Amino acid sequence: MKEVTMCCTTCPSGCALKVVSVEGNNCPRGEKFAHKEWINPERMLTSTVYAVINGKELLIPVKSKEPIPRKIMTEAMEEIQEIEVTAPVKMGDV
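Residues numbered from 1 in each chain as written. Predicted model: local features only at pLDDT ≥ 70, side-chain atom pairs only at ≥ 80, totals over all residues. Heavy atoms only, no water.

## Let's talk about the overall build of the chain
Then, number 1: Within the chain, the regular secondary structure consists of 2 helices and 8 strands.
Then, number 2: When its helices and strands are written in sequence order, the chain yields β-β-α-β-β-β-β-β-α-β.
Then, number 3: A compact globule built from 94 residues should have a C-alpha radius of gyration of about 12 Å, whereas the chain, at 18 Å, is more than 25% larger.
Then, number 4: Along the first, second and third principal axes, the C-alpha atoms of the chain reach 55 × 25 × 15 Å.
Then, number 5: Burial status across the chain gives 28% buried among its 94 residues.
Then, number 6: Within the chain, contacts between residues at least 6 apart in sequence are counted, and of these 38% link residues at least 24 apart.
Then, number 7: When the accessible surface of the chain is summed, it comes to about 7,600 Å², and 54% of that surface belongs to carbon and sulfur atoms.
Then, number 8: The chain carries 12 positive and 13 negative side-chain charges, and their two centres are separated by 7 Å. (Helix = DSSP H or I, 4+ residues; strand = E, 2+ residues; numbered from the N terminus. Rg over C-alpha atoms; globule rule 2.2 N^0.38 Å. Buried < 20%, exposed > 50% of the residue type's maximum accessible area, 1.4 Å probe, protein only. Contact = heavy atoms within 4.5 Å. Areas by Shrake-Rupley, 256 points an atom, 1.4 Å probe, with all protein chains shown as cover. Lys, Arg positive; Asp, Glu negative; His and termini not counted. Charge placed at Lys NZ, Arg CZ, Asp CG, Glu CD.)

This is the structure we're talking about:
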């Protein structure tokens, strides 16, 4: 089997994990992180919405509520391009 090394980002330690069997983690979260990252990696999606109706700003920042699978990141970005938001908008609005 191929041995893969990845950096755990679950805590500030940044442990170098070897994946096949997980080694190198200093805390139990590292093993869970390595399995999840290997099987179905997820990331927070941050972007901007360009269609702000009746707003002072031309665009507003947006982010996903939770991490989403990397494999659907492009599809999610395409969905964001279709969104129109009506002002006023406050931080935390869904």
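## Points about helix α1 (residues 29–39)
Then, number 1: Among the residues of α1, Gly30, Phe33, Ala34 and Glu37 are the ones counted as buried. For α1, the arc enclosing every buried residue in end-on projection is 100°, short of the 170-degree limit, so these residues lie on one face. The exposed residues of α1 that point more than 90 degrees off its buried face are Lys32 and Ile39.
Then, number 2: Structurally, α1 contributes buried residues whose contacts are with β1 (4–7), β2 (16–19) and β3 (42–43). (Arc of directions from axis to C-beta.)

## What about the pattern of salt bridges?
Then, number 1: A complete count under the given rule lists 2 salt bridges for this structure.
Then, number 2: Its salt-bridge partner being Glu37, residue Arg43 comes within 2.7 Å of it at the nearest N-O pair.
Then, number 3: Owing to a relative accessible area of 33%, Arg43 belongs among the partly exposed residues under this scheme. (Salt bridge = Lys/Arg side-chain N within 4 Å of Asp/Glu carboxyl O.)

## Here's the deal with the side chain of Ser64
Then, number 1: By the secondary structure assignment, Ser64 is in the loop between β6 (60–63) and β7 (68–69).
Then, number 2: Among the polar contacts listed, one links the side chain of Ser64 to the backbone oxygen of Glu66, at a separation of 2.9 Å.
Then, number 3: If we ignore the near neighbours within four places in the chain, the residues touching Ser64 are Met44 and Leu45. (Polar contact = N/O pair within 3.5 Å; in protein donor to acceptor, adjacent residues only side chain to side chain.)

## A look at a nonpolar patch on the surface
Then, number 1: Residues Tyr50, Leu58 and Leu59 make up a contiguous nonpolar surface patch of about 390 Å² in total accessible area.
Then, number 2: Accessibility expressed as a relative area gives 74% for Leu58, which makes it exposed. (Patch = residues over 30% accessible without salt bridge, like charges linked within 9 Å, V, L, I, M, F, W, Y side chains within 5 Å.)

## Some remarks on helix α2 (residues 73–81)
Then, number 1: Where α2 is concerned, the buried positions are Met73, Ala76 and Ile80. Buried residues of α2, seen end-on, are gathered within an arc of 60° and therefore sit on one face of the element. In this structure, α2 carries Thr74, Glu75, Glu79 and Gln81 as exposed residues pointing more than 90 degrees from its buried face.
Then, number 2: Packing partners of the buried residues in α2 comprise β3, β4 (46–49) and β7.

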